[in-house]
Amino acid sequence: MTLRTETFILNAGPQHPSTHGVFRMRFTLDGEVIQDVEPVFGYLHRGIEKLAEGLTYSQDIVFTDRLDYLASMTNNQAYVLAVEKLAGIQVPERAEYLRVIMAELMRISSHLMAVGFLLNDIGAFLTPLLYMYREREKILDLYDMVCGQRLTYNYMRIGGVSQDIPEEFVPALKRFIDSLPRFIKEYEQLLETNEIVLIRTKNVGTLSKESAINYSAAGPVLRASGIKWDIRKADPYSVYSRFKFEIPTGIKGDVYDRYRVRIEEMHQSIAIIKQAMEQIPQGEIQTKVSRVLKPAKGEAYGRIEGPKGELGFYLVSDGGTNPYRLHVRPPSLINLTALRELLIGVKIADAMAIFGSIDICVGEVDR
Amino acid sequence: MKLKNYGEGIVKGMAVTMKNALRRPITTQYPEQKLNVSRRTRGNQLVWNKEACIACSMCARACPVNCITMVTSRDENKKLKVDKMDYDAGVCIFCGLCVEACPQKCLFLSTDYEKARYSRKDLQLTKEDILMTEKSKPSGYYSPEHEAKLPIQTLLIDRK
Amino acid sequence: MSIFSNVIPTVIHAAPLAPDWPSGFWSHLIIFVVILFIFYIFMAMAFIYFERRVISRFQIRIGPNRIGPFGLFQPVADVIKILIKEDIIPGNVDKIIYILAPAVAVVPSILVFAVIPFQNGTALIDLNIGILYIVAISSVSTVGLVMAGWSSNNKYALISAMRIIAQVVSYEIPMALAILGVVLFSGTLSMNGIVQAQTVPYILLQPLGFVIYFLASMAEINRTPFDLLEAEGEIVAGFNIEYSGFKFALFFLTEYAEAIAVSAIITTLYLGGWKGPFLPPILWFLIKVFAVFALIIWVRATLPRLRIDQVMGFAWKCLLPLAILNLLITACQVVFWPALSQWIIAGVNIVLSAVLVVLWSRFFRLTGDKVEA
């Protein structure tokens, strides 16, 4: 007597505790093993690229905050870089150093969130997440001191930054940077040798080198598969060529390697901030730029190394006050093209861990 | 490092959790205790200094979401004056571009954050609601003289 | 009290049980049943409150402290909230099984309390097959959970029901074998007899058995790290996804009743029940029960959850052989050296358990592929 089995369709719908935001996946399951997955997104589409054509260049900075709302500073930096390339504007030195400090703090905060939520998805009932949030709270206090907001900063302007740092910023930053490595070490002790975390994350969701390059993955996903590619070293922008830091890579490309790469990148960011704090000169913080900017006709593509991958802005100008076309290269969406290959043949419990390790933000996927 | 999977990692993890359990909790009992907000905070309402305003409408032009509606006219001395200034606090995204755009520095954001209302109509304010009085609390965003008067922000890294 | 001993015994007669209780079988039964219910409900509420406060301290925050002084009325507010919620029965569920499932789940977990001794000889009834009765009754509540999962007509509930069957059945066997070690040392199956036979607490005499029983019973009551039956991340709430109102309150109560039962059983079997120097025995019993529950909460706050095939591998390849070895060693000690002092046996057993655990971990692979650093 042969056994007849059937596959069934399970809908991990837009409202689910584990998908980071409104993201829907339709699994085709055979028992507990996934045969096929169909991601459906677009629930958070706000039309940012079309809205940006109705506003001037300096008003568009407000919209770029809301793309990847967990890493707003780096979004601002990428857009401002693209506009400065288009219009040929020079940025003073002090502004560049301030931008680097803010961007590296943002990278630490975003990686803290990513690692904390990955562990929450595996099942550690909120405890590591709340430890991460305590450290992220200190970063948000620093941002609050400089620009007045905690989530959507609107800090960088075309030609510099908007405000200078107050005097109590530097001692507070120094205290935070000195206390952070001890906390990361304690966090590693919680999870480094924990057998359950190792069993759940090793050899799960392996992305080989060729696949990673073929899917044009970027950021920690690419580096965990063993490829040493970081835009801060390969195509340096701002003043990154003056700092000494390394690029951590993984070996196999599984979930454990992506988690390790993010923790090591936090250490490298701490090193960059320390060097920037020593080298920062005095000076002005914004070059004089007319209120309504009219760059020459042309196009430009500005890209940076964001916490989730390569974030790029493509601008086309026709000589007017508004951009003719603004297009965003979202790292989350392009990293997600590898999802189908990674998820076929694993069990449901692993699917959530893999999805959490790619680290997406739905505001960027849908724009 | 050879993996010893007889449970040593689990015990070390539990030691970390116990060490954290013996720290002081970091919650603030709102509304009995309130923390000091930042001196440059972008709070929930505009504050308008009517005497210094020259009715140039730069704030309305700088706003990305068009939440300020200004109607101006010339009076008998051929100077501009403001007839109607409607500010919709429900649409405003508190970006501060209007504060930055004002040439006379007569527009500020406030340090108040408890501005919830029960209906959407209560959030559409006219120019009388946002006038600067002694009770309004302007914040120090883009105005150093107000920033110097506010108390210092409480930081989490100071509380241990 | 004297009314009962004057009026009733001429009508009903039975063997008097403990000397300080009113004589009369029915009076003893009714009073104790009422006291047990009150105890059960208060302990459930106390455990809910205790768990929420203690887990919040592990997460460096304060737990609920608004309702009542120190938040003591929080469980009362929870109960009132659940009871006034609307009781929805979805359209195409299997009606009879859907309505019966919470009752089948909750009744066995209360029946376990009938044999747990609170003081010397004070149980509802001191069966001389006490521990066997507990093992038999506590497996019945699984049937209730599977009924709930099947009748809900929902794919998430179905996955959860399949996982429940696999997990609970696998962990029954190491649990029973670990209990057999205790029974060999004490010589009796009655719960009060086991407590009275512990001059040295059995946690020292059987450290391996304690660890096995602790892990197996955490798997039975769906607690982290084995709580994949109602894992929030993957199968949102598992078998009780379609329940609301009073039926959901019964499922919720089942979990806490099983947790109280497991803590009480571990106290009785391994920690010496109500024995202790200065304080009254009932107070020692409560302190020990809360201590075991605090250990369960500590494990929940730290560890992530396992996958279903890792859970099954752990039960069949790791716990079962270790339980059999434990039984073998205990039987040898009881047969060949019955007169040896128990402290020496305790020392030998601790060393042997450590050696066994380290040795087993060298040969043990959970899923067939080698985990290296």
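It should be emphasised that the depicted structure is a prediction, and the values quoted were computed from it without experimental measurement.

**Q** Can you lay out the overall build of chain C for me, pointing to particular residues and giving the numbers?
**A** Within chain C, the secondary structure is distributed over 14 helices and 0 strands. N-terminal to C-terminal, the α/β element order of chain C is α-α-α-α-α-α-α-α-α-α-α-α-α-α. Each of the 373 residues in chain C was classed as buried or not, and the buried ones make up 39%.

**Q** Explain the overall build of chain A residue by residue, including any values.
**A** Scanning chain A from terminus to terminus reveals 15 helices and 8 strands. Taken against the 2.2 N^0.38 rule, which gives 21 Å for 367 residues, the C-alpha radius of gyration of chain A at 21 Å falls within 12% of a compact globule. C-alpha extents for chain A along the principal axes are approximately 85 × 50 × 35 Å. Classification of the 367 residues of chain A by burial places 51% in the buried group. Looking at chain A alone, contacts between residues at least 24 apart form 71% of all its contacts between residues at least 6 apart.

**Q** Give a detailed account of the interface of chain B and chain A, specifying residues and quantitative values.
**A** Taken together, the contact between chain B and chain A spans 26 residues of the former and 27 residues of the latter. In terms of residue count, helix α1 (residues 8-21) of chain B provides more of the side of chain B that touches chain A than any other element does, 8 residues in total. Grouping the amino acids of the side of chain B that touches chain A by side-chain chemistry returns 12 nonpolar, 10 polar and 4 charged.

**Q** Tell me about the domain arrangement of chain C, and name the residues and values.
**A** Residue and element names in this part refer to chain C. Once the domains are mapped, chain C shows domain 1 (1-84) and domain 2 (85-363). Each of domain 1 and domain 2 has a C-alpha centre, and these two points are 21 Å apart. Contacts between the two partners involve 17 residues from domain 1, matched on the other side by 20 residues from domain 2. Of all the elements in the fold, those that place two or more residues in the side of domain 1 that touches domain 2 are α2 (25-58) and α3 (74-83). With 12 residues, α2 is the single largest residue contributor to the side of domain 1 that touches domain 2.

**Q** So what about helix α4 (residues 95-111) of chain C? Which residues, and what values?
**A** Residues and elements named next belong to chain C. Counted at 1.5 Å a residue, the expected span for α4 with its 17 residues is 24 Å, and the 26 Å between its end C-alpha atoms agrees. At Ala101, α4 shows its largest kink, close to 30°, and the proline Pro102 lies no more than four residues downstream. Of all the positions in α4, only Tyr98, Ala101, Pro102, Ala105, Val106, Pro108 and Ser109 are classed as buried. In the core, the buried residues of α4 are packed alongside α5 (130-138), α6 (141-151) and α11 (246-271).

**Q** Help me get a handle on α5 of chain C, residues and values and all.
**A** All names here are of chain C. Within the sequence span of α5, burial applies to Gly130, Ile131, Ile134 and Ser138. Viewed end-on, α5 has its buried residues packed into an arc of 95°, placing them on one side of the element. Elements in contact with the buried residues of α5: α4, α6, α7 (155-186), α8 (191-196) and α11.

**Q** How would you explain the sheet that holds strand β6 (residues 298-305) of chain A if you had to name every residue and give the values?
**A** Residue and element names in this part refer to chain A. The sheet built from 3 strands is open, its strands ordered β6-β7-β8 with antiparallel pairing. Here the strands that pair on one side only, and so sit at the sheet edges, are β6 and β8 (325-329). Neighbour-to-neighbour, the strand axes of this sheet turn through a mean angle of 10°, independent of strand direction. Bridge analysis of strand β7 (residues 310-317) against β8 gives 5 bridges, and the strand direction is antiparallel. Each bridged residue has a counterpart across the sheet, and for Gly312 the counterpart in β8 is Arg329.

**Q** So what's going on with the sheet that holds strand β2 (residues 68-74) of chain B? Residues and values would help.
**A** Backbone hydrogen bonds hold the strands of a sheet together, and the pairing may be parallel or antiparallel. All names here are of chain B. Strand order in the open sheet formed by 3 strands is β2-β3-β5, and the pairing between neighbours is antiparallel. Edge positions in the open sheet fall to β2 and β5 (124-125), since each of these has one partner strand only. Bridge count for strand β3 (residues 80-88) against β5 is 2 bridges, and the pairing is antiparallel. What sits directly across from Asp88, in β5, is Gln124.

**Q** Go over the interface of chain C and chain A with me, naming the residues and quoting the values.
**A** On the side of chain A, 28 residues touch chain C, which itself brings 26 residues to the contact. Partitioning the side of chain C that touches chain A into residue classes produces 13 nonpolar, 5 polar and 8 charged.

**Q** Could you give me a rundown of the pairing of β3 of chain B, with the residues and numbers involved?
**A** Residue and element names in this part refer to chain B. Two elements, β2 and β3, share 7 bridges in a ladder whose sense is antiparallel. Bridge pairing in β3 links Ile68 to Tyr87. Hairpin connection, β2 to β3: the antiparallel pair is bridged by 5 residues, and Lys78 has positive phi, about 65°.

**Q** Give a detailed account of the environment of Gln286 of chain A, specifying residues and quantitative values.
**A** Residues and elements named next belong to chain A. Relative to the helices and strands, Gln286 resides in the loop between α11 (255-279) and β6. Here Gln286 falls in the partly exposed class, since 18 other C-beta atoms lie within 10 Å of it. C-alpha of Gln286 to C-alpha of Tyr314: the two residues are 28 residues apart in sequence and 23 Å apart in space. Contact partners of Gln286, with chain neighbours within four places excluded, come to Ala95, Arg157, Gly159, Gly160 and Val161.

**Q** Give a detailed account of the packing of α4 of chain C against α11 of chain C, specifying residues and quantitative values.
**A** All names here are of chain C. Taken N-terminus to C-terminus, the directions of α4 and α11 make an angle of 25°; their axes are 9 Å apart at the nearest point. Here α4 lies roughly parallel to α11, going by the angle between them. As α4 packs across α11, the resulting crossing turns out to be left-handed. Residue-level contacts link Pro102, Ala105, Val106, Ser109 and Ile110 of α4 to Lys247, Leu250, Phe251, Leu253, Thr254, Ala257, Glu258 and Ala261 of α11.

**Q** An account of unusual backbone geometry is requested, with residue identities and associated values reported.
**A** Cis geometry is found at the peptide bond from Tyr30 of chain B to Pro31 of chain B, where omega equals 5°. Mapped onto the elements, Pro31 of chain B comes out in the loop between α1 and β1 (46-48). Its identity as a non-glycine residue notwithstanding, Ser216 of chain A has a phi of 45°, on the positive side. Locating Ser216 of chain A in the fold gives a position in the loop between α8 (209-214) and α9 (220-224). The backbone of Asn153 of chain C shows a phi angle near 60°, a positive value even though the residue is not glycine. Position of Asn153 of chain C among the secondary structure elements: in the loop between α6 and α7. According to the C-beta neighbour criterion, Asn153 of chain C is partly exposed, with 14 such atoms within 10 Å.

**Q** Could you give an account of the confidence of the model for chain C, naming the residues involved and the relevant values?
**A** Residue and element names in this part refer to chain C. Here chain C averages 82 in pLDDT, and 89% of its residues register 70 or above. Contacts of residues 7-17 to residues separated by more than four positions or lying in other chains number 11 contacts, the stretch itself having pLDDT below 50. Scored by ipTM, the complex comes to 0.84, with pTM at 0.87.

**Q** Break down the nonpolar core for me, citing the residues and quoting the values.
**A** The tendency in soluble globular proteins is for nonpolar side chains to be buried side by side. Among the nonpolar cores identified, the biggest contains 189 residues, and Ile212, Tyr213, Ala216, Ile260 and Leu319 of chain C are the most heavily contacted of them. Among the elements that make up this core, the one with the highest residue count is helix α4 (residues 93-122) of chain A (17 residues). Per-domain counts for this core show at least three residues from each of domain 1 (1-84) and domain 2 (85-363) of chain C. Counting 18 residues, the second-largest nonpolar core is a separate cluster that includes Trp48, Cys63, Tyr87 and Ile130 of chain B.

**Q** I'd like a description of the environment of Gln167 of chain C, backed by residues and values.
**A** Residue and element names in this part refer to chain C. Positionally, Gln167 belongs in helix α7. Separated by 73 residues in the primary sequence, Gln167 and Asn240 have C-alpha atoms spaced 17 Å apart. Residues within four places of Gln167 in sequence aside, it is in contact with Ala219, Phe226, Leu229 and Val311.

Conventions we followed
- Residues numbered from 1 in each chain as written.
- Chains lettered and ligands numbered in written order.
- Predicted model: local features only at pLDDT ≥ 70, side-chain atom pairs only at ≥ 80, totals over all residues.
- Helix = DSSP H or I, 4+ residues; strand = E, 2+ residues; numbered from the N terminus.
- Buried ≥ 20, exposed ≤ 12 C-beta atoms within 10 Å, placed from the backbone.
- Rg over C-alpha atoms; globule rule 2.2 N^0.38 Å.
- Contact = placed C-beta atoms within 7 Å.
- Nonpolar A, V, L, I, M, F, W, Y, C, P; charged D, E, K, R; others polar.
- Domains from an automatic or database assignment.
- Expected span 1.5 Å × (residues − 1).
- Bend = angle between axes of the 7 residues up to and from the residue.
- Arc of directions from axis to C-beta.
- Pairing = 2+ DSSP bridges.
- Axes fitted to C-alpha atoms, helices over the stretch in contact; angles between N-to-C directions.
- Parallel < 35°, antiparallel > 145°, perpendicular 65-115°, else oblique.
- Left-handed = near helix turned anticlockwise from the far one by under 90°.
- pLDDT = per-residue confidence, 0-100.
- Core = buried A, V, L, I, M, F, W, Y, C linked by C-beta atoms within 7 Å.

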